[in-house]
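Coordinates in review
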Amino acid sequence: MKYNFDVIIDRHATNAEKIEGLNTYWGRDDLLPMWVADMDFATPPFILDAIRKRCEHPVLGYTAKPDSYYRVIAEWVKERYGMIVKKEQLNYVPGVVPGLGMAINAFTKPGSKIMITPPVYHPFARLISRYDRRLVNCPLILENGHYRIDLTKFRREIKGIRVFILCNPHNPGGVVWTHDELKVIADICAEDNVIVFSDEIHADLTLPPYKHVPFAMISEHARNNSVTFMAPSKAFNMPGLAAAHTIIYNDGLRKRFRSYLDAGELDGGHLFVYPAVEAAYSNGTEWLDQCLAYIQKNIDYVDEYLKNHIPKIKAMRPMASYLVWLDCRELGLMQKELNAFFVDEAHLALNDGEMFGKEGIGFMRMNIGCPRSVVEQAMHQLEVAYKKRF
C-alpha cells in the first residue's frame, strides 16, 4: 500500500500540545509549530482500526495484558535488532519518561548521583533534579559535524555514579552510537557497578544506511547491567497512547523494578494500549519504511536549502529521527536573541537549544516530521528573516 505523507492535517481542537502550547510558551499562536516531538502525519490506519474495533465493544472494563502483546514486541525486536526477549523480561510502562522516573525511584535513593551526556533530551536532567538526585554532566564532544562521547572524561566522572542515562540514538543530535563506543561504556559501567538506563525510543527511526545497536546487545556486561526503554510511540506517531516497555535481562534488576511497579500498580496500562501496540508491530513495517524515506527526503531538503540560501545555519544531519539539530552559532547571536530571531522574525516555534543543557547554546531543534509543504514554508520564512537581518 502506498501511504500519503503530504496530507495537511488540522490538529486544532484536539488538545495537541504542539498547537495549544504556543500561547503557553510564546504568548502567541501565529507561529509555525515545529517543536514538540510528534509527527504531523496521520497515525497509521491499521492502528486506528484496532482502536475502533475495541471501541465497538460496549464495555470498557479492567484489561489484562494479552500474551499477544508480549509476543509482537519480542518478534519486532528480534526481527529488527536480533534481540531474543522472553515474556518475563518485558514490562509495560506508561511512556519512556515516566518509566525512567520509576526506574530512578526503584534503583536509587535521594542524593544518588546520576550522569547524563549533554546536550541531551531535557527531561533527563529534570527527572534527576525533581527526584532529589544529584546530576552529573559529562558533555559530548562536537567533532566533524557530529557528537561523540568523551570516553576519557566519562571514565573519570563515572566514579561514584549510581546510574548513567544513555540516549541511544541520541536526541537532539540524532547520533547512532557505534558498537565500539557502546562497548567501552558497557565495560566502564560494569567495572564501576553503574546501571545503564538506555532510552531507545528513537531506535525504530534509524535512517538507512545506519543500524541501531541496542545497548543490551553489546556484551554480557551490557545485558546484565542495563534497563532498556523502547516504545512504538515515536515511530508510529502514537505518543498520546502512553505505550512503552522495558527490557531487563538481569533477574535481580527485573525483580527490583517489578516490585516497585507492583507496589503502586503502575504497569497496568489501559485497554487501548494492547491492540494499538499489536497493530503497530504486526503491520507496521511497510508504513514505517515509507515514513523513513519521506523523512530522509525532508532532511535532504532542509540541508540543501540551508547550504544554498541560509549558509550561516547548518543542519546536523540526523542518523536517526525526524529532529534536526541546527547549528546557528555563526549568526553571532546570544541565545535570547537567537530565540527571538526564530520567533519574532521567522515566525517559527522551535526548541531552544539551551533546554538540552548549556552545551546547546547556539543551537535550535527543528521537527521535520511533517508534510514537505510545511517544511518548505518553514525554510522560506527562515530565509526571509535571515536575509533581512544578515
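Rules used in this analysis
Residues numbered from 1 in each chain as written. Predicted model: local features only at pLDDT ≥ 70, side-chain atom pairs only at ≥ 80, totals over all residues. Heavy atoms only, no water. Core = buried A, V, L, I, M, F, W, Y, C linked by side-chain atoms within 4.5 Å. Buried < 20%, exposed > 50% of the residue type's maximum accessible area, 1.4 Å probe, protein only. Helix = DSSP H or I, 4+ residues; strand = E, 2+ residues; numbered from the N terminus. Contact = heavy atoms within 4.5 Å. Axes fitted to C-alpha atoms, helices over the stretch in contact; angles between N-to-C directions. Parallel < 35°, antiparallel > 145°, perpendicular 65-115°, else oblique. Left-handed = near helix turned anticlockwise from the far one by under 90°. Nonpolar A, V, L, I, M, F, W, Y, C, P; charged D, E, K, R; others polar. Pairing = 2+ DSSP bridges. Right-handed = clockwise from strand over helix to strand, strands pointing away.

**A short note on the nonpolar core**
- If you look at the biggest cluster of nonpolar residues, it comprises 80 residues, and the most contacted ones within it are F236, L326, F342, I368 and L382.
- The element that contributes the greatest number of residues to this core is helix α11 (residues 285-309), accounting for 10 residues.
- Among residues more than four places away in sequence, those in contact with F236 are T43, P44, I47, W76, A280, Y281, G284, W287 and L288.
- I161, L182, I188 and M319 belong to the second-largest nonpolar core, a separate cluster that totals 31 residues.

**Let's talk about the packing of helix α12 (residues 335-345) against helix α13 (residues 372-389)**
- At a closest axis distance of 9 Å, the pairing of α12 and α13 adopts a crossing angle of 120 degrees. Taken together, α12 and α13 sit at an angle that is classed as oblique. When the axes of α12 and α13 are compared, the crossing they make is right-handed. Residues F341, F342 and E345 of α12 lie in contact with α13, whose contacting residues are L382, A385, Y386 and R389.
- Of the residues contributing to the contact of α12 with α13, the split by class is five nonpolar, no polar and two charged.

**Some details on the pairing of strand β8 (residues 195-199)**
- With five of five residues buried, β8 lies mostly within the body of the structure.
- Burial along β8 is two-sided: the residues I195, F197 and D199 and V196 and S198 are all buried.
- As defined by bridge partners, strand β7 (residues 163-167) adjoins β8 across five bridges and the pair is classed as parallel. Looking at β8, one finds that C167 is bridged to D199.
- Crossover β7 to β8 through helix α7 (residues 179-191) is right-handed.

**Things to note about the packing of helix α3 (residues 67-81) against helix α10 (residues 273-283)**
- The N-to-C vectors of α3 and α10 enclose an angle of 30 degrees; their axes lie 9 Å apart at closest approach. With respect to each other, α3 and α10 are oriented roughly parallel. Every pair of crossing elements has a handedness; the one defined by α3 and α10 is left-handed. When α3 is examined against α10, the residues S68, Y69, V72, I73 and W76 are found in contact with a partner set consisting of V273, Y274, V277, E278, A280, Y281 and S282.
- Of the residues contributing to the contact of α3 with α10, the split by class is nine nonpolar, two polar and one charged.

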